[in-house]
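What the coordinates show
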Amino acid sequence: MNAPLNRRALLGLGISVSFLGTQAFAAAEGDLAKKKLVVVICRGGMDGLSVSPPVGDADYAALRGSIAMRPDQVLKLDDTFGLHPELKTVHALAQQGQARIAPAIASPDRARSHFEAQDVLETGAAGVYGAETGWLNRTLEALTPVRKVEGLSVGTTAPLILRGKVQAASWSPGRGVDETARLPTLLQDLYKTDPLLGPAFARGLETETMAQTAMTALSATPAMNEAAASTPAMGSMAPMSATKANDRQNRAGSEAARKLGSTLGGFMIQAGGPQIAAISLDGFDTHAGQAGQIATRLSYMDAVLAGLHQGLGAEWKNTVVVAVTEFGRTARVNGTGGTDHGTGSTGLILGGALKQGGIVGDWPTLKQTALFENRDTAPTLDMRGLFKGVLADHMGVDRTILEKKVFPDSAGAKPVTGLV
């Protein structure tokens with residue numbers, strides 16, 4: 001079950017709220033009581049080769065074709081990998097040793113179905129429909145006998161990852177932020193092979209996404225409402241080019257995303273506030289016209305992370321953020337400038353609690369013989385191993401409980417150690 005929070009009372013940065021009456025517990029619990037974990041679920045199948053383009057891989061450019069990035073276009077991480085140019089905050093944190101990539105990560109699922117893969121990601125089970133509760137909720141349950149830890153879900157509906165026996169709070173930032181993205185995701189699957197409708201639908205979806213998020217930005221805070229009220233009415237404005245309109249919508253969308261992140265950070269630094277949070281970002285299913293769509297989505301994700309970093313302030317040093325997706329996308333570009341459902345993708349691990357280091361997991365390369373089923377980035381890291389490592393070393397979850405209760409049947413997914 002999830003207890004709704006009052007949006008009107010919580011939206012500003014100057015938040016004053018007690019989560020389930022537990023204002024005093026943090027001071028008595030030592031260092032572990034200060035630790036925070038945020039899980040970002042990028043729904044739709046985020047293309048890992050766009051998040052962290054392996055521009056130093058000899059086979060990358062030929063496979064990616066029209067959507068390949070040149071080495072001088074990416075934000076360099078090392079001789080093999082860069083970050084998408086919209087991930088400026090992530091790159092700045094990486095330069096400080098506070099962000100790393102897992103470039104070939106996946107859940108145990110191999111069906112390439114959104115519904116099945118998201119179920120496996122969020123339940124933490126070895127297979128689809130293997131559990132009815134989410135692994136973050138089972139984490140809360142495992143920690144309850146030791147210390148009280150609150151959970152918070154951000155979004156219009158509580159994600160499966162936080163559903164279960166332990167009550168978690170929920171907060172919805174309001175209408176307009178990605179709440180309609182899943183229907184277009186299904187429609188894209190229908191249109192992806194149509195040479196005419198596929199690209200047209202992708203362009204329309206990109207414009208609609210920017211417009212929705214811009215509307216959220218204009219209604220997100222009283223200050224922004226005042227700014228909107230002082231702007232001349234549309235009828236009195238000079239005609240605006242499509243490019244300028246899109247730029248304006250992008251800026252508004254980024255501001256909304258940043259506000260969402262900073263508000264979440266504000267929740268988490270309160271006395272008795274949540275130590276664990278989950279947030280869903282939709283719209284990563286890019287079957288056609290991928291370059292523009294994913295640039296928009298990644299810019300918004302980067303803004304959320306920038307806002308979270310700002311909102312947490314000094315508590316960033318006690319925080320780990322993990323951003324994952326249900327599956328990656330094909331290594332080869334398709335005929336409509338997009339990619340189809342794949343397997344391995346890129347996970348992001350960020351936070352002031354993170355140890356400096358290189359990539360997490362191994363890079364299988366994009367050689368023809370290395371591709372999974374001759375089409376996808378081959379996964380070398382089970383994401384349950386990443387989750388187990390973070391929960392044990394950062395949040396202090398007992399390793400035996402992790403193996404038996406939080407991630408049952410996961411003996412083959414060895415915990416990733418040494419991250420914090």
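All of the points below concern the structure found in this document.

Quick notes on the rules
- Residues numbered from 1 in each chain as written.
- Predicted model: local features only at pLDDT ≥ 70, side-chain atom pairs only at ≥ 80, totals over all residues.
- Heavy atoms only, no water.
- Core = buried A, V, L, I, M, F, W, Y, C linked by side-chain atoms within 4.5 Å.
- Buried < 20%, exposed > 50% of the residue type's maximum accessible area, 1.4 Å probe, protein only.
- Helix = DSSP H or I, 4+ residues; strand = E, 2+ residues; numbered from the N terminus.
- Contact = heavy atoms within 4.5 Å.
- Pairing = 2+ DSSP bridges.
- Axes fitted to C-alpha atoms, helices over the stretch in contact; angles between N-to-C directions.
- Parallel < 35°, antiparallel > 145°, perpendicular 65-115°, else oblique.
- Left-handed = near helix turned anticlockwise from the far one by under 90°.

**Let's talk about the nonpolar core**
- Counting residues in hydrophobic clusters, the biggest one holds 50 residues, and the most contacted among them are Val38, Met301 and Leu350.
- Residue contributions to this core peak at nine residues, all from helix α11 (residues 290-312).
- Not counting residues up to four positions away in its chain, the partners in contact with Val38 are Leu264, Met268, Ala277, Ile279, Leu308, Val320, Val321 and Val322.
- Of all hydrophobic cores here, the second largest spans 39 residues; its members include Leu37, Met383, Val397 and Leu402.

**With respect to the pairing of strand β10 (residues 345-350)**
- Counting buried positions over the six residues of β10 gives six, a clear majority of the element.
- Pairing of strand β5 (residues 99-106) with β10, which is carried by five bridges, proceeds in the antiparallel orientation. Its bridge partner lying in β10, Ile105 is registered against Ser345.
- One ladder, built from three bridges, connects strand β9 (residues 319-325) with β10; its direction is antiparallel. By the bridge assignment, Ala323 is partnered in β10 with Leu348.

**Overview of the packing of helix α12 (residues 383-393) against helix α13 (residues 399-406)**
- Here α12 crosses α13 at 140 degrees, and the two axes come no closer than 10 Å. Classified by the angle between their axes, α12 and α13 sit oblique to one another. For the element pair α12 and α13, the recorded crossing hand is right-handed. Taking contact as the criterion, the partners of Lys388, Leu391, Ala392 and Asp393 in α12 are, on α13, Arg399, Leu402, Glu403 and Val406.

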